[in-house]
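# Survey of secondary and tertiary structure
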Protein chains: 2
Amino acid sequence: MMLRSVHLPLGFGVSPLLRCLPRFSGLASCSWSRISSSPEGLPLDVPYSRQHGVFRAFRMSSGGPGTSPDVDAALGSAVALPAIQMPKICFCHSCGNPTKQVIPDGEKKIRPVCVVCGKIHYQNPKMVVGCLVEHNDKVLLCKRKIEPSYGLWTLPAGFLEIGESAAEGAARETLEEACAEVEVLAPFAQLDIPRIGQSYIIFRARLKTPHFSPGPESLKCALFALDDIPFDSLAFSSIIVTLKMYIEDTKSGNLKFHYCTINKRPGASPSDPRGFDVDQCLHS
Amino acid sequence: MMLRSVHLPLGFGVSPLLRCLPRFSGLASCSWSRISSSPEGLPLDVPYSRQHGVFRAFRMSSGGPGTSPDVDAALGSAVALPAIQMPKICFCHSCGNPTKQVIPDGEKKIRPVCVVCGKIHYQNPKMVVGCLVEHNDKVLLCKRKIEPSYGLWTLPAGFLEIGESAAEGAARETLEEACAEVEVLAPFAQLDIPRIGQSYIIFRARLKTPHFSPGPESLKCALFALDDIPFDSLAFSSIIVTLKMYIEDTKSGNLKFHYCTINKRPGASPSDPRGFDVDQCLHS
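From a predicted model like this one, the values you see are computed outputs, not experimental measurements.

Time to look at the domain arrangement of chain A. How large an interface is tends to be reported as the accessible area lost when its parts come together. Examined at the domain level, chain A breaks down into domain 1 (18-67), domain 2 (90-123) and domain 3 (126-283). Here the C-alpha centre of domain 3 of chain A lies 36 Å away from the C-alpha centre of domain 2 of chain A.

Structure representation (structure tokens):
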């Protein structure tokens, strides 16, 4: 079944954290936010150890341990940034010569192009893969032992690596963060965050054995009944949205695959958990 | 509804092009192919204009026009290649100094790391987004005007750009390749191709007006009834799989969201349209 552009009824007796606008009806009419004042996580290739030094304003890295996707909660000071930030490619990674920002022949967008060998350096969004692990009507959450969002709860998730499938990557992240071996059951959600060049792919999964324990990036791991999920202490907007959709589906007895985008709301404080919109809501 | 690890009944009176193995049951037991002898498309940042010159063996680029995802059909000579190819990052794009291949502290994998500034250069899979456009019980296909797979049919699809959602990217590609304005209706499939570091995200869509015409990358565009789809002239394995699943769902009256991986079969010729397996089959 397909329902498009609908309001997500994600309240469940708590103040609605999400506001879903029926914005999307194709290329011409779609509308989404590009906020310039938010320090929301950036798709920068900055290793964690440097996030607290020179690059403190850039809270996102691109796949290493100690790095994290979707950094829009638990943030500190706001930093004025361009609408969409990308890691700056100043030098060609093939020949080491400088790049310049030009529109290549036959293209429409400005790209970094090597001034010597002519190589065009394309930059594309990254996939974040994770598991929503079900066990005895509860779900597995991990309390983060790393910044950003230290001490807040999340689903086990991380950047997809070259050479693995999304399902394999989600299972790997669950093993790394919760020491839990899981069987991936079904795709559950894709949540795009265009502002930071990320796309979350979340799978439902089950524990192969009833064992889990915190990995190096987690303070602790625990199973939560759906009514006990700590929505005020979740690490990322993507996790809030995923869990709200999962609760809704579970209570209605109709588990679907969800696609949506998460966009920071204009003027919202970066630490405001209500400061985002869920747009382009579609499902299977 | 969830069905995992099942055989996809994708015959429809033609020789089965797909063989689906029920391989996936989680991290420990999953199995997938890494083929070293196939020239299947590589996730290299090689602009199209150079694919026929110095880099002819590398048939894949990463997002520019004239480039293409999933190159495993219509290929010429086989070239011996490592199991998983990535663009070689020889120089740091931040400071231009050389990189070395090392395992960074706290990590498990070899990464290119700058010998001067210490920057770690992560490499992640790329998302390919496209539309399965429905119109009067037909679907829209584009005949490729560019290599690879010149003259073969495909769904409009291309690399997702930074700053756009997958649905927006899919609509953009449809506008570029078929001059068709579409409304995206529902997510339909995710098809990972780990060997080449790509993940296809395909949406069902409808024409906003009944107009389309070939864009710069297409020889022509046409609507095909499901029984008339030219399976012997499709450009990519991902398109074969998507259309087979769509036909199956449409004829059963049960449109679902599908997740699967596409893996080249060991020993298969790169030009063999039956030379791949569809694994990790899951759906919503």
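Okay, back to it.
A separate point is the confidence of the model for chain A. Residues and elements named next belong to chain A. Mean pLDDT over chain A stands at 77; residues scoring 70 or higher make up 69%. Considering only residues more than four positions removed or in separate chains, one finds that residues 1-67, a stretch of pLDDT under 50, has 223 contacts. Among the prediction metrics, the complex's ipTM stands at 0.77, with pTM recorded as 0.77.

We now examine the packing of aromatic side chains. Within this structure, the stated rule accounts for 7 aromatic pairs over all chains. Between Phe188(A) and Tyr246(A), the ring centres sit 5.7 Å apart and the planes meet at 80 degrees, which makes this aromatic pair edge-to-face. Highlighted residues: Phe188(A) in strand β8 (residues 182-193) and Tyr246(A) in helix α3 (residues 237-252), separated in sequence by 58 residues. Owing to a relative accessible area of 0%, Phe188(A) belongs among the buried residues under this scheme. Look at Phe257(A) and Phe257(B): their rings are 3.5 Å apart centre to centre, the planes differ by 0 degrees, and that puts the pair in the stacked class.

A few words now on unusual backbone geometry. Cis geometry marks the peptide bond from Glu147(A) to Pro148(A), where omega comes out at -5 degrees. Mapped onto the elements of the fold, Pro148(A) is located in the loop between β5 (138-144) and β6 (153-154). At Asn136(A), a residue that is not glycine, the phi angle is positive and equals roughly 50 degrees. Of note, Asn136(A) is situated in the loop between β4 (126-135) and β5. Overall, Asn136(A) belongs to the exposed group, its relative accessible area being 63%. Unlike most non-glycine residues, Gln280(B) shows phi in positive territory, near 50 degrees. Assignment of secondary structure puts Gln280(B) in strand β13 (residues 276-283).

As a further point, take the pattern of salt bridges. All chains considered together, the criterion is met by 22 salt bridges over all chains. A salt bridge links Arg111(A) to Glu161(B), with the shortest nitrogen-to-oxygen separation between them at 2.7 Å. Of this pair, Arg111(A) sits in strand β3 (residues 111-114) while Glu161(B) sits in the loop between β8 (157-159) and α2 (166-178), which puts the two residues in different chains. For Arg111(A), a relative accessible area of 7% translates into the label buried. Across the pair Glu183(B) and Arg206(B) runs a salt bridge whose closest N-O atoms are separated by 2.8 Å. Of this pair, Glu183(B) sits in strand β9 (residues 182-193) while Arg206(B) is found in strand β10 (residues 198-207), placing the two residues 23 residues apart along the sequence. A relative accessible area of 3% means that Glu183(B) is categorised as buried. Arg206(B) gets classed as partly exposed once you look at its relative accessible area, which sits at 34%. One salt-bridge network, held together by shared partners, links Glu107(A), Lys109(A), Arg111(A) and Glu161(B).

For the rest of this paragraph, the subject is the side chain of Glu177(A). Of note, Glu177(A) is situated in helix α2 (residues 166-178). Although buried, Glu177(A) forms no salt bridge, and the nearest oppositely charged side chain, Arg144(A), lies 5.7 Å from it.

Conventions used here
- Residues numbered from 1 in each chain as written.
- Chains lettered and ligands numbered in written order.
- Predicted model: local features only at pLDDT ≥ 70, side-chain atom pairs only at ≥ 80, totals over all residues.
- Heavy atoms only, no water.
- Domains from an automatic or database assignment.
- pLDDT = per-residue confidence, 0-100.
- Contact = heavy atoms within 4.5 Å.
- Phe/Tyr/Trp six-rings, centres within 6.5 Å; stacked < 30°, edge-to-face > 60°.
- Helix = DSSP H or I, 4+ residues; strand = E, 2+ residues; numbered from the N terminus.
- Buried < 20%, exposed > 50% of the residue type's maximum accessible area, 1.4 Å probe, protein only.
- Salt bridge = Lys/Arg side-chain N within 4 Å of Asp/Glu carboxyl O.
- Lys, Arg positive; Asp, Glu negative; His and termini not counted.

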